[in-house]
Amino acid sequence: EWLLATMSSGSVALQLFWDLSSADGATRHAAALQLTKALRLAHKSSVDVDTADDTAKTVLRADGSALSAEVTYAVKRLVKGLASSREGSREGFTLGLCLLVRSFPEIDGARLLALIIESLPFKGGGMSDTEIKENNFGRLFGCMALIQTGKCSPTPAEWSTAVETDAVEDMLCIKVMDELARLQGCKSFMAEVTTHAASQMMGVALVDAPADVMAKVLLPRLRKGSEEVEVADMTPEQLQLYLFSQGMLLPGNAACLNEIDLPKLVEPLKKATGSHPRLHHVWTQLLELIATFQGAQSKNGTPSARWGPGALQVLDWMWVQVVEDSLLVSSHERKYAALLLLQELAPVVPVESVLKLLTPNMRRTFINNLGKKQCLLYTVAHKALGALMARAGTDSGFAFSLLQLLVNHHRNFDKLTHTRTTSQLLDMLDEPGKMRYLTLLLAAYSSAANSPNAISAVKPSGKTDEEEDEGGVVGRQRWALEAVCSFVTRQRASIPCAVLEAVVAWLMQTAFFAPAAPALKAAKKGAKAAFAEDKAAEVPAAVREVCAARFFGLIEALSARTTAPAPEGGSAGRARPAVVLTKLDKLPSELLQALELVSPKCVELATKTAGMAQEAGLDTTDAQLFWPLRAHLIWKALEAAGVAALVQWDSTMSEVRTNFWNTTTELVRSSEGGNDASEVLHKRQSRALAVLFLYNGLELLSDPEAAVNVVLELQQCHTRVLALRVGSNKPKPASSKKNVAPKSKR
C-alpha cells in the first residue's frame, strides 16, 4: 500500500526510479537497493493477484501464480527504462532489474524475456530510427540482465529433460543466443558488446551442457554466419567467438595457437582497436586462451598452471608479430591498445616475460609519451609505468633489470620523463642489487673512457671537450660520474664503507692528480691493455671539473648529521653519524674489477688509508671527521706512490701544508679520548677546529693560493686557543681589594 500510494502520488518511490537514471554510480546503487527492499516488504503484505488478470499474465510465475501488483508494476517499468538514453538509465535500470530478479527467484526467465521483447519492439508502423536503436539497446541490456542473474544457466537436470523431450530449441539460453545474434547484425557499434555478452552467456550455459548438444547446437550457433570465413578475414568479433569455441572444444590446447595458424590472427587483431579507453574483448579472450595453453594436458585431462612454458612461447611470438611489428608502428589508437596490453600483462606474467614485453618499439613509445602531459598517450603510459613499478616493488631482481633496461635506453630517464622512477627503483633494490647497479655505472664510465674517440683536443665539428654534446663520449662519462655520485649520496646508508672510500679515492685522484705512468710495457701486458691504460690516463677537463665538484659534495654529504630518534617524552634531535668500517675483500668481485677499471689505484688506496689511520692514531669513526680525514690520507698515499698533484706548489705552500697536517693530527687526537668533565670543553674545541682544518685543507688541491691564507688564519686561531687554555689552567691571584657595594646611579 505504501509503495502504490507513493507511486500514485509521485513522491518517494517515483524518486527512486529517477535516481536509477543518475549519472552517479553510488546514487544508482543506493536507489536499486532501496527499491528492492521496498518491493519485498510490499510483496509480503500483498494478496496474490487473480491469475486471470491480463496485466499480470506476462510475469506469472512458473507455477501459474501471479506476482503482486507492486512487483508487476516495477518489473514493467524497469524493462521500459532499459531503452532510455538519459544519463545512466540503462545501467541503473539494468541493475534494478537484476536485483529484483535475484530477490524474486520465482520470476520465470522465459516469460521475462517475452516481456522484454513485447515491451521493446524494433519494427512497426510509425517507429523512428532513434526509437528502433533505443529499443535494440534495451533488448541488449535485458539479455545481459538475464545472463547476470543466472537465468541462462541450465542445470544438468534441465539439460537432460530438454534433450529427452527434444525441446533444446525452446530453452531460454538458446532464445537469448538467437536474440544476441540478431542484435549483432543490426549495427556495427553493437557488435563488440553483443559478442561479449554471447560469449559470457555461453561460458555459463555450457558448463553442464552435454557434449553432443554443445557440438551440434550451441557452438554452431555461436559461429553462425562466419563458418565459411577464413580466420585471417574475420572481424574482431568473429575472431572472439572463434577463439571462445576453440577454448571450449580443446581447453588448454587450442588448435589456433599452433605455428601454422598463429600468423592468421595478426590481421583481425590489428583491427581490434577503437577509440574507447579499454581493450577490445577479443584481446581478453586471446590472453585467457594463451595463459592456459600448454601444448598438452595434464594426466587428469585439465590444463596445468597458467603461463607455463608453452603459453610464454606463444605470448612471445604474438607480442613480436602483432604488437611490436604492427600496433606500435601504426596509429595512436593502436599504440594505445599496445600500452593497455602492457598494463594488463605486467602484473600476471612471469618476471622474465615482462622484460621481453619491453621491446625496442615499446620502450620508444612508452618513454616518449611519459615526458609531457600534452602527449596523447601520456595517461596510459603512466598507468603502464605504474603497473611495472608495482611489479618491481614485489621483486628486487626485476627492479634492477627494469632499471638497467630504462637506463640503457636513455641515460637521463627521470629527467626526460619528469618522473622519479629511477630513484624509486633504487629504493626497491636489495644490497646485492645496489652493488650491481653501481658496477653497471662504473662500467659505463670505463667503456666511455676507453673508447677510441674518447679524447681529442678539438672535435671535427670544432667543439672542445666542454662543448661536447650529451651523446658523445665525454657526455657519457659525465653522465656516469653524476649517476655514481647521486647514487652513493642517496644510498650512502646502505652502501659499505669500503665502497664509499674507493669512490672518494677515484674522484679525488681523477680531479686533482696527474695520472700515474703504467708500470708494465705494452709487450708484457698486451696492446689492448696498454691502449686502455693510455686512454684511462688521459682525462678531459670537463670530466675533471665534474669530479672536483662532486668530490667536495660527496665528502659533505657523507659527513652530514642525521636525525636522531626522539627519546620518550622528548623531541627528535640531531645525531652525530658513526662510520661502520668494512673490508674490501667482502665486496663482489665484479664491483672490485669495475673500480679497478675506472681508477687502477682507488682500491689500493682505500686499503692503505685504513692502515695509515691506525698507525697514526687517527682511526676515528666520527663521520664528520672520518671522511675529510680519509681524503687527506688518500692524498698522502698518492704522494707516497709518486703521483703528483695538478696544482703548482712552492716552498711556502709546502711548509704551510706540513704545519697544517701536524696541527690537524694533534687536534684529531685531542678530540678523542676519555669523558672527563674537565676535558669536555677542550675536546669539543679541538673537534671543531679539526673539522675546519680538514675541510679547508682540502681546498689546497683546488685553489691553493686562496686556501693558504685561510689555513694560516686557522693556525693563528689555534695558537690563540692554546694560549687561552694555558691561561685558564693557571690559578687566579687573590684579590687585595675589598668588595665595595656599587653606588647608586641616582
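To be clear, the structure that these remarks concern was listed above.
The rules behind the values
Residues numbered from 1 in each chain as written. Predicted model: local features only at pLDDT ≥ 70, side-chain atom pairs only at ≥ 80, totals over all residues. Heavy atoms only, no water. Helix = DSSP H or I, 4+ residues; strand = E, 2+ residues; numbered from the N terminus. Contact = heavy atoms within 4.5 Å. Areas by Shrake-Rupley, 256 points an atom, 1.4 Å probe, with all protein chains shown as cover. Buried < 20%, exposed > 50% of the residue type's maximum accessible area, 1.4 Å probe, protein only. Core = buried A, V, L, I, M, F, W, Y, C linked by side-chain atoms within 4.5 Å. Axes fitted to C-alpha atoms, helices over the stretch in contact; angles between N-to-C directions. Left-handed = near helix turned anticlockwise from the far one by under 90°. Salt bridge = Lys/Arg side-chain N within 4 Å of Asp/Glu carboxyl O. Patch = residues over 30% accessible without salt bridge, like charges linked within 9 Å, V, L, I, M, F, W, Y side chains within 5 Å. Lys, Arg positive; Asp, Glu negative; His and termini not counted. Charge placed at Lys NZ, Arg CZ, Asp CG, Glu CD. Phe/Tyr/Trp six-rings, centres within 6.5 Å; stacked < 30°, edge-to-face > 60°. Arc of directions from axis to C-beta. Polar contact = N/O pair within 3.5 Å; in protein donor to acceptor, adjacent residues only side chain to side chain. Disulfide = S-S within 2.5 Å. Parallel < 35°, antiparallel > 145°, perpendicular 65-115°, else oblique. Nonpolar A, V, L, I, M, F, W, Y, C, P; charged D, E, K, R; others polar.

Q: What is the right way to read the overall build of the protein from this model?
A: Of the regular secondary structure elements, the protein holds 34 helices and two strands. The contacts of the protein with a sequence gap of at least 6 include a subset with a gap of at least 24, amounting to 69%. Accessible surface computed for the protein: about 36900 Å², of which carbon and sulfur atoms make up 54%.

Q: I tried to follow the environment of T422 on my own but got confused; where do I start?
A: Within the element layout of this structure, T422 appears in helix α22 (residues 421–428). Spatially, the C-alpha atoms of T422 and N412 are 9.2 Å apart, while their sequence positions differ by ten residues. With sequence-adjacent residues up to four places away left out, T422 is seen in contact with L403, F413, D414 and Y437.

Q: Can you walk me through unusual backbone geometry in this structure?
A: Among all residues except glycine, the phi angle is most often negative; among peptide bonds, the trans geometry is most common. Residues other than glycine seldom take positive phi values, yet E87 does so here, at roughly 40°. Along the chain, E87 turns up in the loop between α4 (69–81) and α5 (89–103). In the Ramachandran plot, D166 falls in the positive-phi region, its phi being about 55° despite a non-glycine side chain. Owing to a relative accessible area of 70%, D166 belongs among the exposed residues under this scheme.

Q: Explain helix α18 (residues 360–368) here, please?
A: What sets the pattern is the α-helix's 3.6 residues per turn: residues three or four places apart point alike. Every buried residue belonging to α18 is among N361, M362, R363, T365, F366 and I367, and all of these are buried. Against α15 (309–324), α16 (332–345), α17 (351–357), α19 (378–392), α20 (396–409) and α21 (413–417) lie the buried residues of α18.

Q: What exactly am I supposed to notice about the nonpolar core here?
A: Side chains of a nonpolar character, in soluble globular proteins, are inclined to be buried together. Counting residues in each nonpolar core, the largest one holds 153 residues, and the members touching the most others are L257, W283, M362, F366, Y437, W506 and M508. Per-element accounting of this core gives the leading share, 13 residues, to helix α25 (residues 497–512). Sequence-distant contacts of Y437, that is, excluding residues within four places in its chain, are made with F400, L403, V407, T422, L426, L429 and F487. In terms of nonpolar packing, the next biggest core, distinct from the first, is built from 60 residues, A74, L113, L120 and A197 among them.

Q: Teacher, can you tell me more about the side chain of Q509 here?
A: Considering the arrangement of structural elements, one finds Q509 in helix α25. In this view, Q509 contacts S599, K601, C602, L605 and L638; residues no more than four positions away in its chain are not counted.

Q: Before we go on, may I ask you to explain the packing of α25 against helix α28 (residues 541–559) in this structure?
A: Relative orientation and spacing of two packed helices are given, respectively, by the angle between their axes and the distance between those axes. Taken N-terminus to C-terminus, the directions of α25 and α28 make an angle of 145°; their axes are 8 Å apart at the nearest point. Between α25 and α28 lies a crossing whose hand is left-handed. In this structure, α25 contributes L500, V503, V504, L507, M508, T510, A511 and F512 to the contact, and α28 contributes R544, C547, A548, R550, F551, F552, L554, I555 and L558.

Q: In this structure, what is going on with the pattern of salt bridges? I would like to understand it.
A: Within this structure, the stated rule accounts for 14 salt bridges. The partner of R306 in a salt bridge is E288, and the shortest N-O contact between them spans 3.0 Å. Of this pair, R306 sits in the loop between α14 (281–291) and α15 while E288 sits in helix α14, and the two are 18 residues apart along the sequence. By relative accessible area, R306 is classed as partly exposed at 46%. With its nearest N and O atoms 2.7 Å apart, the salt bridge here joins R550 to E482. With R550 in helix α28 and E482 in helix α24 (residues 473–490), the pair connects residues that are 68 residues apart, well separated along the chain. Each member of the salt-bridge network shares a partner with another, and the members are R139, E179 and R182.

Q: So what exactly am I meant to see when it comes to a negative patch on the surface here?
A: A cluster of acidic residues, E227, E228, E230 and D233, forms a negative patch on the protein surface. On the secondary structure map, D233 appears in the loop between α11 (211–222) and α12 (236–249). Accessibility expressed as a relative area gives 54% for D233, which makes it exposed.

Q: What am I meant to see in the packing of aromatic side chains here?
A: Two aromatic rings, taken as a pair, are described by how far apart their centres are and by the angle between their planes. A full pass over the atoms with the stated rule returns nine aromatic pairs. A centroid spacing of 5.9 Å and a plane angle of 15° characterise the contact between F137 and F189, whose relative ring orientation is stacked. A residue pair is termed long-range when its members are at least 10 positions apart, and F137 in helix α7 (residues 129–148) and F189 in the loop between α9 (172–184) and α10 (191–205) qualify at 52 residues. The exposure class assigned to F189 is partly exposed, which follows from its relative accessible area of 48%. Where F660 meets F693, the ring centres are 6.1 Å apart and the plane angle is 20°; that geometry is what we call stacked.

Q: Where do I start with helix α6 (residues 109–119) in this structure?
A: Taken residue by residue, α6 has G109, L112, L113, L115, I116 and S119 as its buried positions. Each buried residue of α6 sits inside an arc of 155° when the element is viewed along its axis, so together they form one side. On its buried face, α6 sits against α4, α5, α7 and α9. Where α6 begins, the side chain of D108 points an oxygen toward the backbone nitrogen of A110, at a separation of 3.4 Å.

Q: It is not clear to me how the state of the cysteines should be interpreted in this structure. Could you clarify?
A: By definition, a disulfide links the sulfur atoms of two cysteines through a covalent bond. Taken as a whole and assessed by the stated rule, the structure comprises zero disulfides. Of the cysteine sulfurs around C547, a residue in no disulfide, the closest is that of C485, at 7.1 Å.

Q: In this structure, what is going on with the packing of helix α31 (residues 623–640) against helix α33 (residues 680–698)? I would like to understand it.
A: Contact geometry of α31 with α33 gives a least axis separation of 10 Å together with a crossing angle of 40°. With respect to α33, the axis of α31 lies oblique. Crossing of α31 against α33: the hand is left-handed. Where α31 abuts α33, its residues Q624, L625, P628, L629, A631, H632 and W635 lie against R687, A690, V691, L694, Y695, G697 and L698. The class makeup of the residues in the contact of α31 with α33 is ten nonpolar, three polar and one charged.

Function-wise, these values are silent; they only describe arrangement.
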